[in-house]
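Coordinates in review
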Amino acid sequence: MQDTLRITEVFYSLQGETRTAGLPTVFVRLTGCPLRCQYCDSAYAFSGGTVRTLDDILEQVAGYNPRYVCVTGGEPLAQPNAIPLLKQLCDAGYEVSLETSGALDISAVDPRVSRVVDLKTPDSKEAHRNRYENIELLTPNDQVKFVICSRDDYDWATSKLIQYGLERRAGEVLFSPSHHDLNARELADWVVADNLPVRLQLQLHKYLWNDEPGR
Ligand SMILES: C[S@@+](CC[C@H](N)C(=O)[O-])C[C@H]1O[C@@H](n2cnc3c(N)ncnc32)[C@H](O)[C@@H]1O
Ligand SMILES: Nc1nc2[nH]cc(C(=O)O)c2c(=O)[nH]1
Ligand code: SF4
Ligand SMILES: [Mg+2]
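Residues numbered from 1 in each chain as written. Chains lettered and ligands numbered in written order. Predicted model: local features only at pLDDT ≥ 70, side-chain atom pairs only at ≥ 80, totals over all residues. Heavy atoms only, no water.

1. Focus: the site of ligand 2
Around ligand 2, the neighbouring residues are Ser13, Leu14, Gln15, Gly16, Glu17, Phe27, Arg29, Thr72, Glu99, His205 and Arg215. In the environment of ligand 2, a nitrogen atom lies 2.8 Å from a nitrogen or oxygen atom belonging to the backbone of Leu14. Within the side chain of Arg29, a nitrogen or oxygen atom sits 2.8 Å from an oxygen atom of ligand 2. Expressed as a share of its isolated accessible area of 330 Å², the protein-covered part of ligand 2 is 93%. Among the elements of the structure, strand 1 (4-14) and strand 2 (24-30) are those that each provide at least two residues to the shell around ligand 2. Looking at the shell around ligand 2 residue by residue, the class counts come to two nonpolar, five polar and four charged. (Near = heavy atom within 4 Å. Polar contact = N/O pair within 3.5 Å; in protein donor to acceptor, adjacent residues only side chain to side chain. Areas by Shrake-Rupley, 256 points an atom, 1.4 Å probe, with all protein chains shown as cover. Helix = DSSP H or I, 4+ residues; strand = E, 2+ residues; numbered from the N terminus. Nonpolar A, V, L, I, M, F, W, Y, C, P; charged D, E, K, R; others polar.)

Here it is, written out as structure tokens:
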């Protein structure tokens, strides 16, 4: 039996988030997630999907001839074969990123991958799932993200930033307003007022295409 993954979608779009925002990127969205963040914009990936071989997925990705590939979900690391998929995407020469909830161990991910590790805030209702051991593993090739729903979330994220010195561990610290929960301008004003060493991240794809799946 060949290695397989359950996949919700593979599509070519502009990266809406992180340090490669705005760049054409292939997205591989894996099905299934053990968390239920209050704000999740990808709940359609919690179930369903299609079981596909790694070779089949790699062949579809190659068909777009991309420079950037982003593996997301659902929670990619909930499927053990996400690890060989990430390695094989790197071996094929792509610049690969992984969006992960921060609830699962990131240590087996190929070091060429930029791991985008979400630290779940209290208003996500999943902060108790954060695996703080992951913070020790971060390198300048990685990124840390806080999705912020409220002023309380902002204060919590700021305290974690300072407590762990996150801007010295990861290449980027991203503060992203939770779409529908927090006005981006409000978050921008807080970051400037506090002179934080973080990058405000807006979800570019939602300005371009709203919440349409596959964009
Ligand atoms: C859908 S998740 C999939 C990967 C992984 N499960 C995770 O949470 O990182 C991808 C990213 O989208 C973010 N996200 C989901 N819903 C959002 C929303 N309503 N506003 C802003 N970011 C959101 C998540 O926090 C995460 O950083
Ligand atoms: N355009 C676009 N960029 C994205 N960056 C991260 C996404 C995700 O759902 O993880 C995403 C997405 O769904 N669409
Ligand atoms: S961990 Fe990611 S995919 Fe899972 S519910 Fe939270 S935002 Fe959605
Ligand atoms: Mg998305």
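Let us keep going from here.
2. Things to note about the UniProt feature "binding site: Mg(2+)" (unreviewed entry) in the chain
Residues given the UniProt feature "binding site: Mg(2+)" (unreviewed entry) here are Ser42. One can find Ser42 in the loop between strand 2 and strand 3 (50-53). At 3.3 Å, the side chain of Ser42 forms a polar contact with the side chain of Arg29. (UniProt positions renumbered as here; feature names shortened; annotations may be inferred.)

3. Here we look at the UniProt feature "domain: Radical SAM core" (unreviewed entry) in the chain
With numbering aligned to this structure, UniProt lists the feature "domain: Radical SAM core" (unreviewed entry) at residues 20-211. Within the segment residues 20-211, helix and strand shares are 31% and 21% respectively, and the terminal C-alpha atoms sit 20 Å apart.

4. Focus: the sheet that holds strand 5 (residues 95-100)
Pairing between sheet strands relies on hydrogen bonds along the backbone, with the strands arranged either parallel or antiparallel. A sheet is described by the order of its strands in space; here nine strands give the open sequence 3-1-2-4-5-6-7-8-9, paired in mixed fashion. With partners counted over all chains shown, the strands left at the sheet margins are strand 3 and strand 9 (199-200), one partner each. Inspection of the sheet shows strand 5 paired to strand 6 (residues 114-118) by four bridges, in the parallel sense. The residue bridging Glu99 from the neighbouring strand is Val116, located in strand 6. Here helix 4 (residues 151-164) sits on the sheet and contacts strand 7 (143-148) and strand 8 (172-177); the angle it forms with strand 7, its principal contact strand, is near 160°. (Pairing = 2+ DSSP bridges. Contact = heavy atoms within 4.5 Å. Axes fitted to C-alpha atoms, helices over the stretch in contact; angles between N-to-C directions.)

5. So, the packing of aromatic side chains
Applying the stated rule across the entire model yields seven aromatic pairs. An angle of 35° between the planes, with centres 5.4 Å apart, marks the rings of Tyr12 and Tyr64 as tilted. With a gap of 52 residues between them, Tyr12 in strand 1 and Tyr64 in the loop between helix 1 (54-63) and strand 4 (68-72) connect regions that are remote in the sequence. Here Tyr12 falls in the partly exposed class, since its relative accessible area comes to 37%. (Phe/Tyr/Trp six-rings, centres within 6.5 Å; stacked < 30°, edge-to-face > 60°. Buried < 20%, exposed > 50% of the residue type's maximum accessible area, 1.4 Å probe, protein only.)

6. Section: the nonpolar core
Generally speaking, a soluble globular protein has its nonpolar side chains buried in company with each other. Counting 46 residues, the largest nonpolar core has Val28, Val61, Leu85, Leu89, Phe146, Leu166 and Phe175 as its most contacted members. Residues within four places of Phe175 in sequence aside, it is in contact with Phe146, Ile148, Tyr154, Ala157, Thr158, Leu187, Val191, Leu196, Val198, Arg199, Leu200 and Gln201. With seven residues, the next largest nonpolar core counts Cys33, Leu35, Tyr39 and Val147 among its residues. (Core = buried A, V, L, I, M, F, W, Y, C linked by side-chain atoms within 4.5 Å.)

7. What to know about helix 2 (residues 82-91)
When helix 2 is considered as a whole, its buried residues turn out to be Ala82, Leu85, Leu86, Leu89 and Cys90. All buried residues of helix 2 project into a common sector of 135° when viewed along the axis, lining one side. The inward-facing, buried residues of helix 2 abut strand 1, strand 2, helix 1, strand 4 and strand 5. Following helix 2 by one or two positions, Gly93 has its phi on the positive side, about 100°. (Arc of directions from axis to C-beta.)

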